[in-house]
Amino acid sequence: MKVEKVKITEVGPRDGFQSEKTILKTEDKIDVINNLIDAGFQRIEVSSFVSPKAIPQLADAATILENVKRNPKTTLAALVPNAKGALRAVEAKLDEIVVFLSASESHNKKNVNRSVEDSLIGFREIAD
């Protein structure tokens, strides 16, 4: 099988910032993302529109999107766990919403506090 196209996504901002015990300054996050845009990354997961109570490190997702350099060659994406997060993402003018699902019930419950079936129903709500 011949692969015609590969899409690479830089997830460092979202995955890395949420892993930090210390909450980084929003300005520093914006600088990192701007440097990735300047380096030519075409798709970047900048954050996640989750509850700030669940992941306080990503509470500034909308502010980040308001202040990063927009480049028509770069798609800015973010994880969205539910319809409320999707609305926040749309209001922040996010380019692309990413939904996620774990293959196992136990991991999905631990990760998003929902069953796999409930997550699939939630995807419909997000799409709407």
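Every chain begins its residue count from 1, and numbering advances along the sequence as written. Residues qualify for local features only when their pLDDT is at least 70, as the model is predicted, and side-chain atom pairs are given and counted only at 80 or more; totals for whole chains, interfaces and linings, by contrast, use all residues. Computation of side-chain values covers all heavy atoms of the structure but excludes hydrogens and water.

A. Region of interest: the sheet that holds strand 1 (residues 43–48). Pairing between strands requires that DSSP locate at least two bridges from one strand to the other. Only DSSP runs of H or I reaching four residues or more are called helices, and only runs of E reaching two or more are called strands; each is numbered from the N terminus. Read across the sheet, three strands follow the order 1-2-3 without closing on themselves; strand pairing throughout is parallel. Edge positions in the open sheet fall to strand 1 and strand 3 (96–98), since each of these has one partner strand only. Neighbouring strand axes in the sheet, compared pairwise and without regard to direction, differ in orientation by 35 degrees on average. Sheet topology note: the strand 1/strand 2 (residues 75–79) ladder contains five bridges and is parallel. Along strand 2, the bridge assignment pairs Glu45 with Ala77. Contact definition: two residues touch when any of their heavy atoms are within 4.5 Å. Between N-to-C directions, angles cover 0 to 180 degrees, with each direction set by a line fitted to C-alpha atoms, over the stretch in contact for helices. Across the sheet, helix 1 (residues 12–19) is in contact with strand 1 and strand 2; its angle to strand 1 comes to roughly 30 degrees.

B. Here's a closer look at the packing of helix 5 (residues 105–112) against helix 6 (residues 116–127). Interaxial distance between helix 5 and helix 6 falls to 9 Å at its minimum, and their mutual angle equals 55 degrees. With respect to each other, helix 5 and helix 6 are oriented oblique. Here helix 5 contributes Glu105, Asn108 and Val112 to the contact with helix 6, which in turn contributes Val116, Glu117 and Ser119. Here the term charged refers only to Asp, Glu, Lys and Arg, the term nonpolar to Ala, Val, Leu, Ile, Met, Phe, Trp, Tyr, Cys and Pro, and the term polar to all other amino acids, Gly among them. Looking at the contact of helix 5 with helix 6 residue by residue, the classes come out as two nonpolar, two polar and two charged. Roughly parallel covers angles under 35 degrees, roughly antiparallel covers those over 145, roughly perpendicular covers 65 to 115, and oblique covers all other angles.

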